[in-house]
Amino acid sequence: MKLNKYIILIVTVLLATSLFAQETKKDINKLSKNEVLEMTIEELSFYDLEELTKLMDIVGASSLDELYEMLLNKDVTSASKTEESLFDSPLSTTVLSSEEISASGATSIEEALRMVPGVIVREKTNGNYDVQIRGGQNMPMNNLLLYAENTSTLVMIDGRPVFNYGMGGILWESLPVSLGEIDRIEVVRGPSSALYGPNAVNGVINLITKTIDDSTPLITANAQGGSQGTYIADINFKTQLGDKVGVGISSYFEQRDRNTGDVYSFYSDEYLSIEEFGEKNNNYLWSNDDASLLFDDPNRAKEKLGVNGYIEYNPNSNLSFNLNGGYIDNSAISSPFGDTPTPYNCRDGWSHYLTLNGDIYGFNLIASLSNNTQDYNKGHTGWVQDFEIYNLSLDYLIDLQKLKIRPGVSYQSVYQDDRDHIEYTENGYVDGYFNRRVNLKNAAVSARFDYSPIENIRLVAALRGEKYNVPNKWMPSFQFIGSYKLNKNNMVRAVYSRANQSTFMINAHSNYTWNREGLGAPEYVYFGGNDDPNLMTMDMIELGFRTRPSKKVLLDFELFMNKAKDFSALMPDMFGYNVTGIDMETFAPIGAQTLYTSHRPLDIESKQYGISVSADMVISKKIQLKAHLNWQQTKVDNFTDASRDNIARLQGAYLQSIAEAGLANDIPLVLTGNMSLPLSYYSNIQPGDNPVLEQQLAALGVLDQIEVKDDIDNEAIPSFWGSLSLTYKPIEKLSVTAQTYYYDDYFLYSQYDTDSKRMYLTGADYNPYTSLSIEGPAQKSNLEYTGNMDGKFLLNVKVDYEINDKVNVFVNGRNILNNDQQEYVYMDNIGALYLAGFNIKF
């Protein structure tokens, strides 16, 4: 019923504005070059030939075809660090302009990325998304949901990395920029560490903010609000002070509610209110924390408030400086980073930053620092950490006509400290995840060679060497690119590249002991770091074809194959057993087990291949169409169905059998304050301290119980997805944009399907730490696997009416068919969102 009302509202607005709107055109005598280049092709349809000639003169186009080409093929810098047309970009690159984003009705940066080929976007809770470039995540497939996060895409704001070096990946809610501040979003698909450093493995997303010039409005404001308690607003003040200085300040606010206040419980397999969840699950929380502290408000999906300031100084044509800084406070309910009894995780964060960009006589400088506090797992002791992040990069363009060389250096240092958020005891700091100040740093040298021996051929080589402190070694990355223009409208390209992931704080420096008192064996779980890890690397081969069959059509085809290895995950190393007594009836040992785990490399390898097709075309003077289709498949070698907990149970069972066998055979026990295991089986052993025990465990066949398989499907990313966007402008003042988005079925396989359901739903007869059974995705028995997710079709519509050249009003419907099924495993049902709002500029 609600849906029908909103459809009627949209149709009414369309009819009313069609009747009263008048076709007026912007005064071309007052347009700057930038304003012309920001126009859409359909806007040109309202100008006669004489006026179009004037517009060509403003931008320096020699023909109408060239003017069309300028508007259709926006300039891009992220693909090569040099401004060039999108058509000439040698990599798989997409540019979203602020006008396109606004017309689409996207309410966030993540949602706008649904218009980008090769990017799959699924909503977790209202306004919180999972964003993947080509997929290949969820490695290993049967572990924590943390490993389903995208940790191999680098997001930047004006060239400054905004990566989460604590856990890996992107905390999207913490990005200190609003849609109203963005000039364009540039997305490069494929390994790009040779240009931008570690973690640009699957690609780069560069958010480029608007600059200040003589055409910049003094005030711009955007606001919209509607259903699901959703309110989004930003306001910007920018102006020039003379010819050389520009200043600005902006502020933004976003608030969204969930469509429910309930949370899902892994252990009881049901959705519960927070009060019910606390009654049933308090004993399963880390350090026995209070469940009522898990969420500020279980109904609130997202909240962020921030402010940014800008200063631009351009003393002459060889010098320009941009200084910007800001503060953001944010909170979100999304999927968890830890091993918790619920897949819902409240994250809080607050940060401030300062960034300097400079062009100095051919040198390109980016220097930044940021300080932030992040609570990764609200309500759990030990998860609040303070960060200091320092970035510096400098490169220089040497232009030798046919050969361009760009050498560069960079340095990054990240500090993390949790001591201000935990208590100091007589044993020192023990409740934190690190319990100290820890550091990751890397320095790099790089060079990019761009050679055009003849007009139609372009050869590019980018090389980079990265020196890390963890691990203490150099890592190479590279790109080799060749492109050939068959003619001015057709180009083929080929790329071979390698990129690597950095290590993260959690991988390198974990030092946490989980006291599971009251939960049964193991009584303690130790999480350790790895100071000499292998770093995940990806090699890719890509072939592309870009064609412009007419001045109003741009088509892009890309075929890729990649292989990744050296994934790291939290895995069990061994069990310790502290014997405190003997059951005199059974002569079985009585004591506490400690499971020792660490973050270490795995032997698994991922192989992926796929294809993307995108189209950007003007169907007629009043209709513009954008579309992309994507297909991919990922295979895994050296894969085992046994999850982390499966392996731990095997180890624990064998360790218990060793203790029982020792007592039964009257092996002498050593008294060390408590009764310990026979001979070398001492309490509180660390991995590597007791090779005898490790060898015996291996000899007893723990590893032999685990079957290793090749060519297994990783279905965490849909194999097919795509988008179709149609903008119709019946008159100059009115535009209607309809966008569809579809993705196919997928299956996200995690430890919660294989372990939690069996462990907690099978009943008292099942002993999770003595059973040797292993179930994998091929043996699903009668369990309901919540990792199975159905495909989904979305329809979005935005209707925008320009009252005058200063004020626009609009209605915006997201998922107007109200398909409310889940988009991401264990997360909320995502239904329709209806908004109304306005844009103003003066």
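Residues numbered from 1 in each chain as written. Predicted model: local features only at pLDDT ≥ 70, side-chain atom pairs only at ≥ 80, totals over all residues. Heavy atoms only, no water.

Undergrad: I'd like to hear about the overall build of the protein chain, residue by residue, with values.
TA: Scanning the protein chain for helices and strands turns up 13 helices and 47 strands. Within the protein chain, the proportion of its 842 residues that are buried is 58%. The contacts of the protein chain with a sequence gap of at least 6 include a subset with a gap of at least 24, amounting to 67%. (Helix = DSSP H or I, 4+ residues; strand = E, 2+ residues; numbered from the N terminus. Buried < 20%, exposed > 50% of the residue type's maximum accessible area, 1.4 Å probe, protein only. Contact = heavy atoms within 4.5 Å.)

Undergrad: Requested: an account of the pairing of strand β19 (residues 384-396), with residues and values cited.
TA: Looking along a regular strand, one sees the side chains alternate between the two faces of the sheet. With 13 bridges joining them, strand β18 (residues 363-375) and β19 adopt antiparallel strand pairing. Considered in β19, the bridge of Asn364 is made with Asp395. Taken together, the 10 bridges between β19 and strand β21 (residues 403-417) define a ladder with antiparallel strand orientation. Looking at β21, one finds that Asp395 is bridged to Gly408. (Pairing = 2+ DSSP bridges.)

Undergrad: How would you summarise the pattern of salt bridges if you had to cite specific residues and measurements?
TA: Between side chains of opposite charge, a pair can form as their charged atoms come close. Summed over the entire model, instances satisfying the criterion amount to 38 salt bridges. With its nearest N and O atoms 2.7 Å apart, the salt bridge here joins Asp88 to Lys485. A residue pair is termed long-range when its members are at least 10 positions apart, and Asp88 in the loop between β2 (84-85) and β3 (92-97) and Lys485 in strand β26 (residues 474-487) qualify at 397 residues. Under the relative-accessibility criterion, Asp88 is labelled partly exposed at 27%. (Salt bridge = Lys/Arg side-chain N within 4 Å of Asp/Glu carboxyl O.)

Undergrad: Please set out the nonpolar core residue by residue, giving values where relevant.
TA: Membership of the largest hydrophobic core comes to 114 residues, with the highest contact counts inside it found for Leu113, Trp172, Ile185, Ile205 and Leu207. Leu207 has contacts with Ile109, Val155, Met156, Ile157, Asp158, Leu175, Val177, Ile182, Arg184 and Ile185, leaving out every residue within four places of it along the chain. Leu734, Val811, Ala832 and Tyr834 belong to the second-largest nonpolar core, a separate cluster that totals 10 residues. (Core = buried A, V, L, I, M, F, W, Y, C linked by side-chain atoms within 4.5 Å.)

Undergrad: Any details on the environment of Glu303? Residues and values, ideally.
TA: Looking at where Glu303 falls in the secondary structure, it is placed in strand β15 (residues 300-316). When its relative accessible area of 30% is taken as the criterion, Glu303 is described as partly exposed. Along the chain, Glu303 and Ala332 lie 29 residues apart, while their C-alpha atoms are 6.5 Å from each other. When sequence neighbours within four positions are dropped, the list of residues in contact with Glu303 reads Phe253, Glu254, Gln255, Asp329, Asn330 and Ser331. For Glu303, the side chain forms a polar contact with the side chain of Arg300, separated by 3.3 Å. (Polar contact = N/O pair within 3.5 Å; in protein donor to acceptor, adjacent residues only side chain to side chain.)

Undergrad: Let's hear about helix α9 (residues 274-281): which residues, and what values?
TA: All of the buried residues along α9 are Ile274, Phe277, Gly278 and Asn281. On an axial view of α9, the arc spanned by its buried residues comes to 100°, and they lie on one face. Facing away from the buried surface of α9 by more than 90 degrees, the exposed residues are Glu275 and Glu279. Where α9 is buried, its residues touch β13 (263-265) and β14 (270-272). (Arc of directions from axis to C-beta.)

Undergrad: If you had to explain a nonpolar patch on the surface to someone new, which residues and values would you point to?
TA: A grouping of Phe449, Leu463, Phe480, Tyr496, Ile541, Leu543, Leu559, Met561, Tyr609, Ile611 and Trp631 is seen on the molecular surface, where their side chains present a nonpolar patch of about 950 Å² in accessible area. Every element with two or more residues in the nonpolar patch is listed here: β30 (537-550), β31 (553-565) and β34 (605-620). Relative to the helices and strands, Phe449 resides in strand β24 (residues 437-451). (Patch = residues over 30% accessible without salt bridge, like charges linked within 9 Å, V, L, I, M, F, W, Y side chains within 5 Å. Areas by Shrake-Rupley, 256 points an atom, 1.4 Å probe, with all protein chains shown as cover.)

Undergrad: Account for the sheet that holds strand β9 (residues 203-209), naming residues and giving values.
TA: Strand order in this open sheet of five strands is β3-β8-β9-β6-β7, and the pairing throughout is mixed. The open sheet is flanked by β3 and β7 (160-161), the only strands paired with a single partner. Pairing of strand β6 (residues 153-157) with β9 involves five bridges; the strand directions are parallel. Bridge pairing in β9 places Leu154 opposite Val204.

Undergrad: Just give me the short version of the packing of aromatic side chains, but keep the residues and values in it.
TA: Geometry of an aromatic ring pair is reported as the spacing of the ring centres plus the angle between the planes. Enumeration according to the criterion identifies 23 aromatic pairs in this entry. Centroid distance Tyr433 to Phe527: 6.2 Å. Interplanar angle 35°. Geometry classified as tilted. Of this pair, Tyr433 sits in the loop between β23 (428-429) and β24 while Phe527 sits in strand β29 (residues 524-528), and the two are 94 residues apart along the sequence. Judged by centre distance (6.3 Å) and plane angle (70°), the ring pair of Phe639 and Tyr749 falls under edge-to-face. Highlighted residues: Phe639 in strand β36 (residues 639-640) and Tyr749 in the loop between β43 (746-747) and α13 (751-761), separated in sequence by 110 residues. Judged by relative accessible area, which is 4%, Phe639 ranks as buried. Feature note: the residues Trp383, Tyr433, Phe434, Tyr512 and Phe527 constitute an aromatic cluster, connected by ring pairs. Arg134 extends its terminal NZ or CZ atom over the ring of Phe560, reaching a point 4.0 Å from the ring centre. (Phe/Tyr/Trp six-rings, centres within 6.5 Å; stacked < 30°, edge-to-face > 60°. Lys NZ or Arg CZ within 6 Å of the ring centre and 35° of its normal.)

Undergrad: Lay out the side chain of Ser723 in plain terms, naming residues and giving numbers.
TA: For Ser723, the location among the structural elements is in strand β41 (residues 720-731). For Ser723, a relative accessible area of 6% translates into the label buried. Looking at Ser723, its side chain comes within polar contact range of the main-chain oxygen of Thr740, at 3.2 Å. When residues no more than four places from it in sequence are discounted, the contact partners of Ser723 are Arg114, Lys626, Ala627, His628, Gln739, Thr740 and Tyr741.

Undergrad: Provide a residue-level description of unusual backbone geometry, including the pertinent values.
TA: Going from Met139 to Pro140, the amide bond is cis rather than trans, its omega being 0°. Considering the arrangement of structural elements, one finds Pro140 in the loop between β5 (128-133) and β6. For the bond running from Val470 to Pro471, omega is -5°, close enough to zero to count as cis. Unlike most non-glycine residues, Asp566 shows phi in positive territory, near 60°. Here Asp566 shows up in the loop between β31 and β32 (568-582).

Undergrad: Pulling in residues and values, what's your account of the pairing of β6?
TA: Counting buried residues in β6 gives five out of five residues, a clear majority hidden from the surface. Of the two faces of β6, the one lined by Thr153, Val155 and Ile157 and the one lined by Leu154 and Met156 are each fully buried. Across two bridges, β6 lies against β7 in antiparallel orientation. Within the sheet, the bridge partner assigned to Met156 lies in β7 and is Pro161. Where β6 hands over to β7, the hairpin turn is made up of two residues, of which Asp158 adopts a positive phi near 55°.

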